[in-house]
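What follows is the residue order along each chain.
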Amino acid sequence: MKIYQKEIEITQRKRGFHIITNEISGSLPELRSIKAGILNIFIKHTSASLSINENADPSVRDDLESHFNIMVPEDGGHYLHTAEGPDDMTSHIKSSILGCSLNIPVSDGKLNLGIWQGIYLCEHRNYGGQRNIVLTLSGI
Amino acid sequence: MKIYQKEIEITQRKRGFHIITNEISGSLPELRSIKAGILNIFIKHTSASLSINENADPSVRDDLESHFNIMVPEDGGHYLHTAEGPDDMTSHIKSSILGCSLNIPVSDGKLNLGIWQGIYLCEHRNYGGQRNIVLTLSGI
Amino acid sequence: MKIYQKEIEITQRKRGFHIITNEISGSLPELRSIKAGILNIFIKHTSASLSINENADPSVRDDLESHFNIMVPEDGGHYLHTAEGPDDMTSHIKSSILGCSLNIPVSDGKLNLGIWQGIYLCEHRNYGGQRNIVLTLSGI
């Protein structure tokens, strides 16, 4: 078993759902040396999250953003944690719903994603800044 | 450390939440050779998902289906991604909420689930077809 | 690669979201021997869950509790699984939304969490009792 771990920076994205599959793969050439294993992707923030969803039609990302804004409304009126603006507490809630880590099988030197699957950075803040992600790859 | 990886097919289920614990365990006799480890289960689709919940009363699965249909309604009116029918975009949203992978401890040759826990395939499409799952088992 | 696995008990918490980072780290001195790895934390229950969110302002935990009570209301009227009281089926739903396991990178002998991240036990029952958690730490 081998293990590789590194921390990368994802440049600021605007609020919404964004595909980052190529940024993840591109920053991890060690993938090619793994025949069978797991890649853990972990975002070190509480107002952005990671998910896997469709990598083709961009309207899927738009609909995810609009649906999460309905399910976790900024004008909910029931939030106590409001000091950092209306997009802060909602970002924390979205982050817990979606999660801050992914575990993806690696097979024959590549991420073993389904043909329609892409890795999403879900930016919930209006101005989230740069995001830091830890990649941990283990396998044979 | 040993690692085993294989891809299995889950035959088509109707829309809803289904227990597949025995299908997973049954397709992985290598479980018995692991004293301490982790099983990663990864579904290669964006309109079905995996979860862990109660393995006894079937009404829990029915209530999950009806609650997710309320939380992510097909007649929401705010979806742009509608070309594949009203159950398509909602399936993508449910998939991101529930997630596409599980990580379960393996102890003394068995999945170390709680007594009431079962592995669920969550089929969000009306006609989802066969689903492909990657199993990655590592441990000592 | 080394692997350590143990089962711990978390004493009963009241319903709500609670930080348990120190309880997790404190029960796993083996963390200090891992230079690069992953800690899997798995809760063996279907009415409590695990999440990662802000470790500072307690109002974040209060808002998560109140928002989940709105998103998964006890007076929903659509539940069939009601024999164990109004907080039972809602707890199952919250557990599937939040998830029962976490995978956190371990670097230089410590959990590699972001500066604002803490590990949450999410107790969804009014009287949940003691909760059992499996810790599986692997790495070099």
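Residues numbered from 1 in each chain as written. Chains lettered and ligands numbered in written order. Predicted model: local features only at pLDDT ≥ 70, side-chain atom pairs only at ≥ 80, totals over all residues.

Here we take up the relation of the copies chain B and chain C. The two copies are related by a screw motion: chain B maps onto chain C through a turn of 120° and a shift of 0.0 Å along the axis, at an RMSD of 0.0 Å. In symmetry terms, the pair is related by a three-fold rotation axis. The two copies present different faces, since only 16% of the interface residues in chain B are matched by interface residues at the equivalent positions in chain C. (Least-squares fit on C-alpha atoms with pLDDT ≥ 70 in both. Contact = placed C-beta atoms within 7 Å.)

The subject of this paragraph is the nonpolar core. In terms of nonpolar packing, the biggest core is built from 105 residues, with I41, L50 and I119 of chain A, I41, L50 and I119 of chain B together with L50 of chain C touching the most fellow members. In this structure, L50 of chain C is in contact with I41, I43, G99, C100, S101, L102, I119, Y120, L121 and C122 of chain C, ignoring residues within four places of it in sequence. (Core = buried A, V, L, I, M, F, W, Y, C linked by C-beta atoms within 7 Å. Buried ≥ 20, exposed ≤ 12 C-beta atoms within 10 Å, placed from the backbone.)

Here the focus is helix 3 (residues 86-98) of chain B. Residue and element names in this part refer to chain B. Taking 1.5 Å per residue, 13 residues should reach 18 Å; helix 3 reaches 19 Å between its end C-alpha atoms and fits that length. Of all 13 residues that make up helix 3, 11 are buried, and the element is covered over most of its length. Residues of helix 3 that are buried include every one of D88, M89, T90, S91, H92, I93, K94, S95, S96, I97 and L98, and no others. Directly after helix 3, the chain includes G99, whose backbone phi takes a positive value near 100°. (Helix = DSSP H or I, 4+ residues; strand = E, 2+ residues; numbered from the N terminus. Expected span 1.5 Å × (residues − 1).)

Once that is clear, we can look at the interface of chain B and chain C. Contacts between the two partners involve 32 residues from chain B, matched on the other side by 26 residues from chain C. Looking at the side of chain B that touches chain C, the elements that each hand over two or more residues are strand 3 (36-43), strand 4 (48-54), helix 2 (59-71), helix 3 and strand 5 (101-107) of chain B. Ranked by residues supplied to the side of chain B that touches chain C, first place goes to helix 2 of chain B with nine residues. When its residues are assigned to classes, the side of chain B that touches chain C shows 15 nonpolar, 13 polar and four charged. (Nonpolar A, V, L, I, M, F, W, Y, C, P; charged D, E, K, R; others polar.)

The partner chain A presents 32 residues to the 26 residues of chain B that form the contact. If you tally residues by element for the side of chain B that touches chain A, the top one is helix 3 of chain B, at six residues.

Before going further, it helps to spend a moment on the sheet that holds strand 6 (residues 110-111) of chain B. Residue and element names in this part refer to chain B. The strand order across the open sheet built from five strands is 1-8-3-5-6, with neighbouring strands paired in antiparallel fashion. Two strands close off the open sheet at either side, each with one partner strand: strand 1 (2-10) and strand 6. Here strand 1 pairs with strand 8 (residues 131-139) via nine bridges, running antiparallel. Considered in strand 8, the bridge of K6 is made with L135. (Pairing = 2+ DSSP bridges.)

This part takes up the packing of helix 2 (residues 59-71) of chain A against helix 3 of chain B. Two elements in contact, helix 2 of chain A and helix 3 of chain B, have axes separated by 10 Å at closest approach and are oriented at 65°. Between helix 2 of chain A and helix 3 of chain B, the crossing angle belongs to the class labelled roughly perpendicular. Crossing handedness for the pair helix 2 of chain A and helix 3 of chain B: right-handed. Listed contacts from helix 3 of chain B to V60, D63, L64 and H67 of chain A of helix 2 of chain A are M89, H92, I93 and S96 of chain B. Of the residues belonging to the contact of helix 2 of chain A with helix 3 of chain B, the class tally is four nonpolar, three polar and one charged. (Axes fitted to C-alpha atoms, helices over the stretch in contact; angles between N-to-C directions. Parallel < 35°, antiparallel > 145°, perpendicular 65-115°, else oblique. Left-handed = near helix turned anticlockwise from the far one by under 90°.)

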